Amino acid sequence: MEIEKVKNERKCLRKQKRAQHRLARDLNISCSESPTKYLVICNAGLVTGLSEENLKIILDPLVTKYSIRMPPGKSYCFIEFPNEADAKTVYDQLHGNMKILQEKNPLYLTFTTSVPEVQEDYSKYVIPGLRIIENFLTIEQEELLLKSIDWKEDDDVSSELKHRKVKHFGYKFCYDTNSVNVDEPIIPIPDDYHFLQRLFEDAGCGEHQFDQITINRYLPGQGIPPHIDTHSVFENTILSLSLGSACVMDFKRGKEKISIVLPGRSLLVMSEESRYAWSHGICPRHNDTTQNENGSAVQKRGIRTSFTFRKVRTGNCQCQYPEFCNTKNSQETISELNANGIENLYVHEVYEEISDHFDQTRHKPWPNVSAFLDTIKIGGLLLDVGCGNGKYLLGRPEIYKMGCDRSSGLVEICRKREFEVQISNCLSLPYRDNCFDAAISIAVIHHLSTEERRKRAIFEIVRTLRSGGKCLIYVWAKEQVKDSMQSTYLKFNSSKLENQQQHREREKKELFGITLPVHENRTEFTYRDNLVPWKRKGGGTFLRFYHVFESGELEALCSSLPVNIEKSYYDQGNWCIILEKQ
C-alpha cells in the first residue's frame, strides 16, 4: 500500500513538472509550490473533452465563487478563486483523485502565480463575403442526399487524402493543386441533385449553374489542411453543404484566424474576400470547442458529409486580391497549376540522375538531428520522410525506423543497406493516422514549390503521429548570415560574395510561364524561389528547385495545424522546428 502511494506521488509530481514547462512555454506563467488563489488543472482542458459546464459540476459542491479560463486547443485549464483558502480546498479534494472523471484519469493540479486573460471569441467577427445559412435543408432532404451516396470499399479514395473517402461529379477536384483539369470532364452531376440549384437561387446564392461537386465523408478525427481554391479555375462563389455532424471550420488570413461552427444541414457561402483571400480548413480532431450561453462547450464530432459546389471558370480571374491570385502572379509566383511540372523536372528527375553522387556526399548526421533521435524512447517507432540515402536510419537499434523517399534511386540504395524504406510522395504518405512516435523531415519541404504544398506535406507528417508524438523539420534558410556569422554553406566559397549579384542577375530561366533565378552556389540568397546547381562528379550540372525560408515562415506554416511548437531554431543555414502533436 505504501509503495503504491509513493508511485502515485511521483506520478503527480511528473504531471506538475510537465505543466510548469508547458505554461512557461505557451503563456509565460509560473507555477508556485505554495498555495495561491490560482489553480491549473494540468491534464484536462478543452482539447481533452473537458467542458466548462462539466468542470462547474465538479467545483460547485466545494466552493461558491470562482472563474474558469479554458484556453482553446489546450489540454489544461485555469481556475481563479477569491482567496487562497478556497483554492487550497479544491486542490486538496481534486489533486490525484481517481474518482473525479474516470478511474484511469485522475486530475493533476498545481498552483500558479497568475491566470491568462479571457480569450476573445473570434466567431463574433464577420468575414466579408462569408455567409452561413442554417437549416438550409429539411431533415427529409438531408436523408435523401445521404441515402443517395453508396460508400463502397472500392469507391474512390483520393490519392492525396488516403484517410478520407471522396466522390467527384462533373470534374475531379485535385487536392494537390486545389483545382480541376477542365479538359477532362468525368461523370455528370446526378439528376437527384438538381433540386439543390433551385434552393441556391431561392437563397440568393445561385448566380452560377454549378458544374462540379465534390462529396467528402469525414469520420471523427479527420480534417483537411488550410487552402484557398485556385482562383483561375473556379468562379467567385463556392458553396459547401454540411450533412450529419457539425464541425468547426477555421478561416485564416495572415495572422488573423476565425473559427466558425458549421451545423448539420447548413450551407456555407464563400464569395469575394472570403473566397479569394482567406484559407479554410478543418483541424483533424475528435471534438470541437464552441461557445454558448453557459461558456465554452465541447461538441463531439460524428460522421460529417460535405457537398462542395463549384463553377469552372472560363478566362482569367478578375479578383482584387493579387497577392493570392495565380492569374495576376503567374509571371512572378509559382502557382498550383505549374507546381507539378517544376517539381518533376527540377526535383524528382534530378535526384534520379544524381542519386549515386548524392549518396557519396551524405554520410555524417547533423548533431541536432541526432540529439532529437536520442530523445525517442526504447521501442519507439520513427518515420524519416525524405530519407535520402538513409543516414538517419543508422544507429539506435532499440527503436524501429522506417523511411520513405520520392527517388527510386535513393530508395534502392537504402534497401541495399537493409533499411525499411519505400517510394512515396511526401504530399500523400502511405501510412495510417496516429501511428508514429516521432518523425523527421530533413531538407525536403524546401523542394516543394508552393505554400499550399509545403503546408500539406507538414500536415501529412503530423497526421501520421500519435497524440504527443513529435517531429523535427529542417528547411534551407534564406538568411545564410546570422548574428554576423556565415553559415557553413557560405564559408566553403566566400570569395564569390562580392560578385554574387552580377551572377544572379545574368542567369535566369524561363519555365512553365514564370522566370526563376539560377542561384550562384555558395552565395547569399536574394530570391526565395531559386534553381540551385548541383555539379555531379565526373561531369554534368543539374538544377534543383529550392524555396528558401525566411525567419518566422516555417512557424507560420505550422500555426494552423493541431500541434504545439516545442522549439524553433536556426542551425547552420537552416530553419528548424520541433512540433508536438496535440
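Note that this is a predicted model, so its numbers are computed, not measured.

**Q** What should I look at first to understand the sheet that holds strand β15 (residues 267–270) in this one?
**A** On the basis of which strands lie adjacent, the open sheet formed by six strands has the order β6-β15-β12-β19-β10-β7 and antiparallel pairing. With one partner strand each, in any of the chains shown, β6 (130–133) and β7 (165–169) form the two edges of the open sheet. Each strand of the sheet is rotated relative to its neighbour by a mean of 15°, with strand direction disregarded. Pairing analysis gives seven bridges linking strand β10 (residues 212–218) to strand β19 (residues 304–310), with the strands arranged antiparallel. Its bridge partner being in β19, Y218 is matched across the sheet by R304. The sheet contacts of helix α4 (residues 139–147) involve β12 (238–244) and β19, and relative to β12 the element is tilted by about 95°.

**Q** Looking at this structure, how should I read the sheet that holds strand β31 (residues 563–570)?
**A** Hydrogen bonds between backbone groups are what pair the strands of a sheet, and the pairing can be parallel or antiparallel. Reading across the sheet, the seven strands line up as β22-β21-β20-β23-β24-β32-β31 and stay open at both edges, with mixed pairing between neighbours. The open sheet has two free edges, formed respectively by β22 (421–423) and β31, since each of these has just one partner strand. The sheet shows a mean angle of 15° between the axes of neighbouring strands, taken without regard to direction. With seven bridges joining them, β31 and strand β32 (residues 574–581) adopt antiparallel strand pairing. Paired with K567 across the bridge in β32 is I578. Docked against the sheet, helix α9 (residues 408–416) engages β21 (400–405) and β22, running at close to 160° with respect to β22. Together, β20 (381–385), β23 (436–442), β24 (465–476), β31 and β32 form the strand contacts of helix α10 (residues 451–464), whose direction differs from that of β24 by roughly 150°.

**Q** I would appreciate a short explanation of the nonpolar core in the present structure.
**A** Ranked by size, the top nonpolar core spans 33 residues in total, and within it L383, Y431, I445, I458, I473 and L579 carry the most contacts. Contributing elements (two or more residues each) for this core: β20, β21, β23, α10, β24, α13 (553–558) and β32. The element contributing the most residues to this core is α10, with five residues. Those residues in contact with I473 that sit more than four places away from it in its chain are S441, I445, I458, L554, W575, C576, I577 and L579. Residues Y175, I238, V312 and C325 belong to the second largest nonpolar core, which totals 29 residues.

**Q** Would you mind showing me how to read unusual backbone geometry here?
**A** Glycine aside, the phi torsion of most residues is negative, and most peptide linkages are trans. A positive phi angle, near 45°, is found at R396, a position not held by glycine. Examined against the element boundaries, R396 turns out to sit in the loop between β20 and β21. Phi at N434 takes a positive value of approximately 55°, unusual for a residue other than glycine. The residue N434 is located in the loop between β22 and β23 in this model.

**Q** Help me understand the packing of aromatic side chains, please; the structure alone is not making it clear to me.
**A** Centre-to-centre distance and the angle between the planes together describe a pair of aromatic rings. The final tally for this structure, using the stated rule, is 19 aromatic pairs. Ring centres 5.3 Å apart and planes at 80° place the aromatic pair Y193 and F307 in the edge-to-face group. Residue Y193 is located in the loop between β9 (179–180) and α5 (195–202), and its partner F307 is located in strand β19; the two are separated by 114 residues in the primary sequence. No difference in accessibility class separates Y193 from F307, as the two residues are buried. Measuring from ring centre to ring centre gives 6.4 Å for F307 and F309, while their planes differ by 25°; the resulting arrangement is stacked. One aromatic cluster in this structure is built from F136, F169, Y193, F200, F210, F307 and F309. Just above the ring of F173 sits the side chain of R310; from NZ or CZ to the centre is 3.9 Å. Directly above the ring of Y569 sits K567, whose terminal nitrogen or CZ lies 4.9 Å from the centroid.

**Q** Looking at this model, I keep getting lost on the confidence of the model for the chain. Mind explaining?
**A** Atomic detail in the predicted coordinates should be set aside for any region of low pLDDT. For the chain, per-residue confidence averages 83 on the pLDDT scale, and 85% of positions sit at 70 or higher. With pLDDT under 50 throughout, residues 120–125 is counted as low confidence; its partners more than four residues away or in other chains account for seven contacts. Counted against residues more than four places away or in other chains, residues 494–506, with its pLDDT under 50, gives 22 contacts.

**Q** So what exactly am I meant to see when it comes to α10 here?
**A** Helical geometry: 3.6 residues make up each α-helical turn, so side chains three or four residues apart lie on a common side. Helix length check: α10, at 14 residues, gives a terminal C-alpha distance of 21 Å against a target of 20 Å (1.5 Å per residue), a fit within 8%. Extensive coverage of α10 is indicated by the burial of 13 of its 14 residues.

**Q** Sorry, what's going on with the pairing of β10 here?
**A** Residues in a regular strand point their side chains to alternate faces of the sheet. The buried fraction of β10 amounts to six of the seven residues, a majority that puts the element mostly inside the structure. Where β7 meets β10, five bridges bridge the pair, whose relative direction is antiparallel. From the neighbouring strand, K167 faces β10, where its bridge partner is I215.

What counts as what
Residues numbered from 1 in each chain as written. Predicted model: local features only at pLDDT ≥ 70, side-chain atom pairs only at ≥ 80, totals over all residues. Heavy atoms only, no water. Pairing = 2+ DSSP bridges. Helix = DSSP H or I, 4+ residues; strand = E, 2+ residues; numbered from the N terminus. Axes fitted to C-alpha atoms, helices over the stretch in contact; angles between N-to-C directions. Contact = heavy atoms within 4.5 Å. Core = buried A, V, L, I, M, F, W, Y, C linked by side-chain atoms within 4.5 Å. Buried < 20%, exposed > 50% of the residue type's maximum accessible area, 1.4 Å probe, protein only. Phe/Tyr/Trp six-rings, centres within 6.5 Å; stacked < 30°, edge-to-face > 60°. Lys NZ or Arg CZ within 6 Å of the ring centre and 35° of its normal. pLDDT = per-residue confidence, 0-100. Expected span 1.5 Å × (residues − 1).

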